[in-house]
2 protein chains.
Amino acid sequence: MDDIWQSLGRERAASPFASGCASRVVLDHVTSKWGVLVLVALDEEPRRWGELRRRIEGISEKMLAQTLRALESDGFVLRESHGTVPPRVDYSLTPLGRELAEVLVPLVRWVGDNVHRTTVPLAASA
Amino acid sequence: MDDIWQSLGRERAASPFASGCASRVVLDHVTSKWGVLVLVALDEEPRRWGELRRRIEGISEKMLAQTLRALESDGFVLRESHGTVPPRVDYSLTPLGRELAEVLVPLVRWVGDNVHRTTVPLAASA
DNA sequence: CAGTATCCGCCATGATACTG
DNA sequence: CAGTATCATGGCGGATACTG
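Here goes a summary of the coordinates provided. Worth saying up front: this structure is predicted, and the values here are computed from it rather than measured.

Calculation notes
- Residues numbered from 1 in each chain as written.
- Chains lettered and ligands numbered in written order.
- Predicted model: local features only at pLDDT ≥ 70, side-chain atom pairs only at ≥ 80, totals over all residues.
- Heavy atoms only, no water.
- Phe/Tyr/Trp six-rings, centres within 6.5 Å; stacked < 30°, edge-to-face > 60°.
- Helix = DSSP H or I, 4+ residues; strand = E, 2+ residues; numbered from the N terminus.
- Buried < 20%, exposed > 50% of the residue type's maximum accessible area, 1.4 Å probe, protein only.
- Lys NZ or Arg CZ within 6 Å of the ring centre and 35° of its normal.
- Pairing = 2+ DSSP bridges.
- Contact = heavy atoms within 4.5 Å.
- Buried area = accessible area lost by both parts, 1.4 Å probe.
- Salt bridge = Lys/Arg side-chain N within 4 Å of Asp/Glu carboxyl O.
- Polar contact = N/O pair within 3.5 Å; in protein donor to acceptor, adjacent residues only side chain to side chain.
- Nonpolar A, V, L, I, M, F, W, Y, C, P; charged D, E, K, R; others polar.

Here's the deal with the packing of aromatic side chains
Considering all chains together, one arrives at 2 aromatic pairs over all chains under this definition. When the centroid spacing of 6.3 Å and the interplanar angle of 45 degrees are considered together, the rings of A:Phe76 and B:Trp110 count as tilted. Here B:Trp110 lies in helix H5 (residues 95-114) and A:Phe76 lies in the loop between helix H4 (61-74) and strand S2 (77-82), a pairing that spans two chains. A single burial state applies to A:Phe76 and to B:Trp110, both of which are buried. Lying over the aromatic face of A:Phe17, B:Arg55 brings its terminal NZ or CZ to 4.0 Å of the ring centre.

Structure (structure tokens):
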């Protein structure tokens, strides 16, 4: 086998190429349409629900809630609800989430910096 | 505004937080369920159609074709068809694709290495 | 303010069959 | 071998209304 995910003494590493692997689930959450943006937005700074909604243009309430719950369940996002009225809820990255952001942000940044070099039709309009 | 994608002299950078931005399109291709795996598989080494299909467990022919066409159209993947019979087609990363892989592979690798630290139910079975 | 509940369309995805 | 064509489905995702 030539699976670099198994070789080189990385026995603990899970291979996303295997169909049943849990890393695919996490990868799907992390790289989901909105997951990426939520993680990056929270890496910029902790934010409240409404702030997130405004920061991430076009996200619906449903998808924001759904994405936040998935990322919280994975252990990447921390949800802090102050029991006040009116309600106030703060979202931030956990230490694990911050580690993830260290490798995710460079990707998002690279794409942002290099769209104009791709041959996506829309990219020309930059 | 506190948009790090606009500040710090990065005027050419596109912000994926803006709903109409082309970087979202590219980001969606790159972070799509199968897009990630295809790019990483091709970063390991150039591969033929059938090799890709076998490397990426669970991908259907339709999705492989569709994903490859999207990534080729973006300029990340090079398709080389030798006009032989039976047909032989090689896929590889373009220079741009290789640059992308430099930031994408660390992400995939991190997830693979750290699934066991997440709280995904399935992850415990590792 | 910070969500949940509900309805619904549509398209992404997958299975199958077929072809040069 | 390397695809394309076709069809069926389910769930992703959006819009709207409602609540503590």
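Some remarks on the sheet that holds strand S3 (residues 88-93) of chain A
Residues and elements named next belong to chain A. Reading across from one edge, S1-S3-S2 is the order of the 3 strands in this open sheet, with antiparallel pairing throughout. With partners counted over all chains shown, the strands left at the sheet margins are strand S1 (47-48) and S2, one partner each. Here S1 runs beside S3; their pairing, made up of 2 bridges, is antiparallel. Of the residues in S3, the one forming a bridge with Arg48 is Asp90.

Re helix H2 (residues 33-44) of chain A
Extensive coverage of H2(A) is indicated by the burial of 9 of its 12 residues. Turning to H2(A), its buried residues number three or more, namely A:Trp34, A:Gly35, A:Val36, A:Leu37, A:Val38, A:Leu39, A:Val40, A:Ala41 and A:Leu42.

Quick word on the environment of A:Gly35
All names here are of chain A. One can find Gly35 in helix H2. Here the alpha-carbon distance between Gly35 and Met63, two residues 28 residues apart in the chain, equals 9.5 Å. Dropping the residues within four chain positions of it, Gly35 is found in contact with His29, Val30, Thr67 and Leu71.

Structural notes on the pairing of strand S3 (residues 88-93) of chain B
All names here are of chain B. With 5 of 6 residues buried, S3 lies mostly within the body of the structure. Strand direction decides the pairing type here: strand S2 (residues 77-82) and S3, joined by 6 bridges, are antiparallel. Within S3, the residue paired with Val77 across the bridge is Leu93. Connecting S2 to the next strand, S3, in antiparallel fashion are 5 residues.

Regarding the interface of chain A and chain B
On the side of chain B, 60 residues touch chain A, which itself brings 58 residues to the contact. If you sort the residues of chain A by the area they bury against chain B, A:Phe17, A:Leu107 and A:Trp110 come out on top, with a joint share of 13%. Viewed at the interface, chain B and chain A are joined by 3 salt bridges. For the pair chain A and chain B, the number of links is 17 residue pairs in polar contact (both at pLDDT 80 or more). If you list the elements that add at least two residues to the side of chain A that touches chain B, you get helix H1 (22-30), H2, H4 and helix H5 (95-114) of chain A. Broken down by element, the side of chain A that touches chain B gets its largest block of residues, 13 residues, from H5(A). Taken together, the residues of the side of chain A that touches chain B break down into 32 nonpolar, 9 polar and 17 charged.

Purely geometric stuff here, so don't read any function into it on its own.
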